[in-house]
Structures are given as C-alpha cells and as structure tokens.
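Geometric and topological summary
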Amino acid sequence: MSLKTIDLHVSVEDKEILHGINIEARPGELRVIMGPNGSGKTSLALALMGHSSYRITRGKIILDGEDITRLPPNERALRGLFLVFQNPVEIPGVKLEEVLKLSIKKRLGRRECPDIKERIASEAELIGLSREHLERGINVGFSGGEKKRSEILQAKILRPKYVIMDEPDSGLDVDGIRIVADIIKELISTGRSVLLITHYPRVLEYVEPNHVYVLYRGRIVAEGGMDIVERINREGFKWIEEKEEGKK
Ligand SMILES: Nc1ncnc2c1ncn2[C@@H]1O[C@H](COP(=O)(O)OP(=O)(O)O)[C@@H](O)[C@H]1O
Ligand SMILES: [Mg+2]
C-alpha cells in the first residue's frame, strides 16, 4: 500500500513544471519533500490532488495499486487523499463545525455520539481555535495562522489515509509548530501516511522523517534521511544549486 508517482510530468498552461517525479508515501510513515521557493512543491501537491490547471502530460499516480492519474479530486478524496493547502481558501456558507460533524458521523456510522459538539470544541481548543471559529464559514476572516490550524484540525478529525501537508508550518509560531508535529506523530502512529512539503525544516525538530526528497527546478535531485535535513539546516539549498549547476 502506498501513494506513488511514476515519472510524473506536470504542465501549467504550456509550461512543464515537473519533469519526471518518482516519490512514494507509505502508511505509518512521515516522508518529506524539501526544496527552495519555486521548485515545484505546491504544483506537485496540487497535481496529486487532481487540480485541473496542473496537467499530467506523462507518467502516473498510483494509490494503493490503483491508477488515479485521471480521477477527479473528489474521487481521490474518497479514496483517502487529503491536502492541507499552503494557502487555504475561504468557503463562506459552509460552517467548519458542520463539516467536522459530518465526517465524525460518517466514521461512526449508526453509532450515536451525543457529545459530538463538545468533542469538536475540545479538539479545536487543543489546536488554538475557539467555538466562534467553528461557527464561521470555513476560513472566513481567519488569520493566516488560524487558516492553517483549521486545515490541520480537519486533517486530524477526518483522519484520511494519506495526508499531504503543503508548508503547514508557515505562518505559525513555535506553539503552532509543536501542535503540527504532534498531529503528524498521531497520524503516523495510527497508520496514516504523511507527506510533508516544506522549504524550511522547523517541524522536523520535533518529529523525525522516514525519508526525505529534495525537489529542485522540478526534479528530485537528492534523497535520504535526517542527514539531508541537517545539511539544509546548516547550509540552506546552496549546495544543491551548486551540485546541479556543476552538472551542466
Ligand atoms: N498556476 C500557475 N500558473 C503559472 N505558473 C505557475 C502556476 N503554478 C506554479 N507555477 C510556476 O511553477 C513553478 C513552481 O511553483 P510552485 O509549485 O508554487 O513552487 P513552490 O511551491 O516550490 O514554491 C514556479 O515557477 C511558478 O511560477
Ligand atoms: Mg509552495
């Protein structure tokens, strides 16, 4: 079981942005994609979710053995894919609390959950959101950090099989980062798979990844373990740049 890309090429309009990506995310693991701004991280996340502007021109996406390359986003979501957006959108008219309630009810099936409102409120509080946030339209009028918290709360309550997080740490303070790390730990310890996308490895001070990929100009140019994170911490992405420019 895994989420995997095979030689994935992605274009926006007529420009190719990703040039043959091979990555894999597995249940019970944290895998990380790091890369400087503009390297194609968000494009990869959106292509994995099936965003129509990110056209797959070659290669495949395989989810638990099934080819999902041509499936629409809702079908991917039904199969357990969830994306924590880098820039979450506002959805007026759809209350955060309602969405969370529905997902809990769906999971429980016929079983009753009389204190569902209280449970949601206490989960929200743990992540730094109040009852008042739950009553608003999703992300409407939320600050950057609150939007991130609301997306992460959805991931935590929905408990999808594969969670892709696009820079969940940006715009969060130290406490927020610790909360994100705790949620990642909880997700992987319950057999979920987390694919964390980030250009700055602050979350990784609190949770160790199983594997790290480095994306540079639309290609995976290095992969490995914590040694790569430590090098990026020390030297930034300059060594990657030099290594790649040296090849030309
Ligand atoms: N919707 C889009 N329209 C035009 N160009 C885009 C679009 N999305 C991404 N790109 C381009 O693709 C490249 C990679 O962007 P992105 O995936 O956002 O990188 P990252 O998330 O690593 O910062 C950039 O050069 C960016 O300008
Ligand atoms: Mg991005």
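Just above sits the structure.
Worth saying up front: this structure is predicted, and the values here are computed from it rather than measured. The residue numbering used here restarts from 1 in each chain and proceeds along that chain's sequence as written. Think of it this way: whatever chain is written first is A, whatever ligand is written first is 1, and the rest follow in order. Predicted model: local features are reported for residues with pLDDT of at least 70 only, side-chain atom pairs are reported and counted for 80 or more only, and whole-chain, interface and lining totals are derived from all residues. By convention in this description, side-chain values take in all heavy atoms of the structure and omit both hydrogens and water.

**Overview of the coordination of the magnesium ion (ligand 2)**
Within the protein, the atoms that donate to the magnesium ion (ligand 2) are Thr42 (OG1) and Gln86 (OE1), at distances of 2.0 to 2.2 Å. Here Gln86 lies in the loop between strand S6 (81–84) and strand S7 (91–95) and Thr42 lies in helix H1 (residues 41–49), a separation of 44 residues in the sequence. When a residue's accessible area, from a 1.4 Å probe over protein chains only, is under 20% of the maximum for its type it is buried; when over 50% it is exposed; and in between it is partly exposed. The class of Thr42 is partly exposed, set by a relative accessible area of 26%. Given the relative accessible area of 24%, Gln86 is considered partly exposed. Here a donor is an N, O or S atom found within 2.8 Å of the metal, or within 3.2 Å if the metal is Na, K or Ca; sites may look incomplete because water is not among the atoms. Segments assigned H or I by DSSP are reported as helices when at least four residues long, segments assigned E as strands when at least two residues long, and all are numbered from the N terminus.

**Digging into the packing of helix H6 (residues 144–158) against helix H7 (residues 174–189)**
With axes taken as lines fitted to C-alpha atoms, and helix axes fitted only over the stretch in contact, angles between N-to-C directions fall between 0 and 180 degrees. Taken N-terminus to C-terminus, the directions of H6 and H7 make an angle of 15 degrees; their axes are 11 Å apart at the nearest point. Our classification of the angle between H6 and H7 gives roughly parallel. The interaxial crossing formed by H6 with H7 has left-handed handedness. Listed contacts from H7 to Arg149, Ile152, Ala155 and Lys156 of H6 are Gly176, Ile179, Val180, Ile183, Glu186 and Leu187. Residues were grouped as follows: Ala, Val, Leu, Ile, Met, Phe, Trp, Tyr, Cys and Pro as nonpolar; Asp, Glu, Lys and Arg as charged; and all remaining residues, including Gly, as polar. Residue composition of the contact of H6 with H7, by class: 6 nonpolar, 1 polar and 3 charged. What sets the label is the angle itself: under 35 degrees gives roughly parallel, over 145 gives roughly antiparallel, 65 to 115 gives roughly perpendicular, and the rest give oblique. What makes a crossing left-handed is the near helix being turned counterclockwise from the far one by less than a right angle; a clockwise turn instead makes it right-handed. Any pair of residues with heavy atoms lying within 4.5 Å of one another is described as a contacting pair.

**A look at the sheet that holds strand S4 (residues 54–63)**
Strands qualify as paired when DSSP identifies two bridges or more between them. The strand order across the open sheet built from 4 strands is S2-S1-S4-S5, with neighbouring strands paired in antiparallel fashion. Since the sheet does not close on itself, it has two edges, and those belong to strand S2 (15–25) and strand S5 (66–67), each with one partner. Examined bridge by bridge, S4 and S5 share 2 bridges and lie antiparallel to one another. Within S5, the position partnered with Leu63 by the bridge is Glu66. Here H1 sits on the sheet and contacts strand S1 (3–12), S2 and S4; the angle it forms with S4, its principal contact strand, is near 65 degrees.

**Focus on the sheet that holds strand S11 (residues 211–216)**
Strand order across the open sheet formed by 6 strands is S6-S9-S10-S3-S11-S12, with mixed pairing between neighbours. Unpaired on one side and paired on the other, S6 and strand S12 (219–224) mark the two borders of the sheet. The average angle at which neighbouring strand axes cross in this sheet is 20 degrees, direction not considered. Along the sheet, H7 makes contact with strand S3 (30–34), strand S9 (162–166) and strand S10 (193–198), crossing S10 at roughly 150 degrees.

**Comments concerning the side chain of Lys156**
Take Lys156: it is sitting in helix H6. Here a polar contact is taken to be a pair of N or O atoms separated by no more than 3.5 Å, where protein atoms must pair a possible hydrogen donor with a possible acceptor and residues adjacent in sequence count only if both atoms sit in side chains. At a separation of 2.7 Å, a polar atom in the side chain of Lys156 contacts the side chain of Glu123. Dropping the residues within four chain positions of it, Lys156 is found in contact with Glu123, Leu126, Ile183 and Glu186.

**Brief notes about the site of ligand 1**
Taken together, Val12, Lys15, Ile17, Pro36, Asn37, Gly38, Ser39, Gly40, Lys41, Thr42, Ser43 and Tyr54 make up all the residues around ligand 1. Ser43 has a polar side-chain atom sitting 2.6 Å from an oxygen atom of ligand 1. The separation between a nitrogen atom of ligand 1 and a polar side-chain atom of Tyr54 is 2.9 Å. When the free accessible area of ligand 1 is taken as 560 Å², the share hidden by the protein chains comes to 62%. Within the residue set of the shell around ligand 1, elements represented by two or more residues are S2 and H1. Broken down by element, the residue count for the shell around ligand 1 peaks at 3 residues, all from H1. Counted by class, the shell around ligand 1 contains 4 nonpolar, 6 polar and 2 charged residues. Near is defined per residue: the residue qualifies when any heavy atom it owns lies within 4 Å of the molecule or strand. Shrake-Rupley sampling with a 1.4 Å probe provides the accessible areas, and residues are treated as covered by the protein chains on show and by no other component.

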